[in-house]
Amino acid sequence: ELDRLIGYPNDVSREKWMSEQMKVTPKDMELLNSYIANYNTPENQDKIKNTLKALIGLDSTNISYKNYIKYLLDTNPKEAREELKDTLPNLNLEELIGPIAWLFADNDEFQKAYDWAVLTKEIDFLTRMNWLIEKKDYQFLESEYLAYIDANPNDMKVKARMDEVY
């Protein structure tokens, strides 16, 4: 509000006063979103993360949670993995499903990676199949393979990979 009346002399002052204003009005979603939009920089990661977390409690939609998870995936994959470890795969995070699946795969959590990946076309069957091979879940692999090949009989890459396994 004060900014509209007199303006701030520079961006550093504006950031300082916005931070102070957020302490006084922590439930002002417009202010929180404005802070994130203006000060999402690598040196400001902790404040942005905390602001995104604060928005989750204020926003009745899933948008703030998605933004928080996306932020963690981009800036702190270890923390994203911790945040998501008990989250069941779901379409509420639809545009993040691919990165979430890869996050788990990169950490050798192939079952979680597979469970997320089946919700998206972004990750092909051959990749999911390789995760099942890594997991040594051959019985499930075989049933998934048979269902896939029934629908995609000309996928020679998948057939060749399955030949390598058996």
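Quantities reported herein were computed from a predicted structural model and do not represent experimental measurements. (Residues numbered from 1 in each chain as written. Predicted model: local features only at pLDDT ≥ 70, side-chain atom pairs only at ≥ 80, totals over all residues. Heavy atoms only, no water.)

Student: Please give an account of the overall build of the chain that cites residues and values.
Tutor: Counting its regular elements, the chain contains eleven helices and zero strands. Relative to the globule expectation of 15 Å for 166 residues, the C-alpha radius of gyration of the chain, 22 Å, shows a markedly less compact shape. Each principal axis of the C-alpha atoms in the chain carries an extent, and together these give about 75 × 30 × 25 Å. Accessible surface for the chain amounts to roughly 10500 Å². Of this, 51% is attributable to carbon and sulfur atoms. Here the chain contributes 21 positive and 31 negative side-chain charges, whose respective centroids are spaced 3 Å apart. (Helix = DSSP H or I, 4+ residues; strand = E, 2+ residues; numbered from the N terminus. Rg over C-alpha atoms; globule rule 2.2 N^0.38 Å. Areas by Shrake-Rupley, 256 points an atom, 1.4 Å probe, with all protein chains shown as cover. Lys, Arg positive; Asp, Glu negative; His and termini not counted. Charge placed at Lys NZ, Arg CZ, Asp CG, Glu CD.)

Student: Go over the confidence of the model for the chain with me, naming the residues and quoting the values.
Tutor: Confidence along the chain averages 92 in pLDDT terms, with 95% of residues attaining 70 or more. When pLDDT is averaged over each element of the chain, helix α7 (residues 97-106) comes out on top at 98 and helix α1 (residues 2-6) at the bottom at 56. (pLDDT = per-residue confidence, 0-100.)

Student: Lay out the nonpolar core in plain terms, naming residues and giving numbers.
Tutor: When a protein is soluble and globular, its nonpolar side chains tend to lie buried together. Core analysis: the largest hydrophobic core is formed by 32 residues, its most contacted members being I69, L73, L84, L93, I100, W116 and W131. For this core, the elements supplying multiple residues, two or more each, are α2 (11-24), α3 (29-39), α4 (45-58), α5 (63-75), α6 (77-84), α7 and α8 (110-117). With eleven residues, the next largest nonpolar core counts Y114, M129, L141 and Y148 among its residues. (Core = buried A, V, L, I, M, F, W, Y, C linked by side-chain atoms within 4.5 Å. Buried < 20%, exposed > 50% of the residue type's maximum accessible area, 1.4 Å probe, protein only.)

Student: Give me the side chain of S19: which residues, what numbers.
Tutor: Among the secondary structure elements, S19 is positioned in helix α2. Of the polar contacts made by the side chain of S19, one reaches the side chain of K47; its length is 3.3 Å. Discounting chain neighbours no more than four positions away, the residues touching S19 are Y35 and K47. (Polar contact = N/O pair within 3.5 Å; in protein donor to acceptor, adjacent residues only side chain to side chain. Contact = heavy atoms within 4.5 Å.)

Student: Outline the pattern of salt bridges, supporting the account with residue identities and numerical values.
Tutor: Taken as a whole and judged by the stated rule, the model has ten salt bridges. Two residues, K66 and E95, come together in a salt bridge whose shortest N-O distance is 3.1 Å. Placement of the pair is K66 in helix α5 and E95 in the loop between α6 and α7, with a sequence separation of 29 residues. In this structure, K112 engages E109 in a salt bridge whose closest nitrogen and oxygen atoms are separated by 3.5 Å. Shared partners join several salt bridges into a network, and the residues in it are R81, E109 and K112. (Salt bridge = Lys/Arg side-chain N within 4 Å of Asp/Glu carboxyl O.)

Student: I'd love a proper account of α8, names of residues and values included.
Tutor: All of the buried residues in α8 are F110, A113, Y114, W116 and A117. One side of α8 holds all its buried residues, which, seen down the axis, span an arc of 165 degrees. Looking at the buried side of α8, the elements it contacts are α7, α9 (125-135) and α10 (138-151). (Arc of directions from axis to C-beta.)

Student: Explain the environment of I69 residue by residue, including any values.
Tutor: Within the fold, I69 resides in helix α5. For I69, a relative accessible area of 0% corresponds to the buried category. Beyond its immediate stretch of four places on either side in the chain, I69 contacts E83, L84, L96 and I100.

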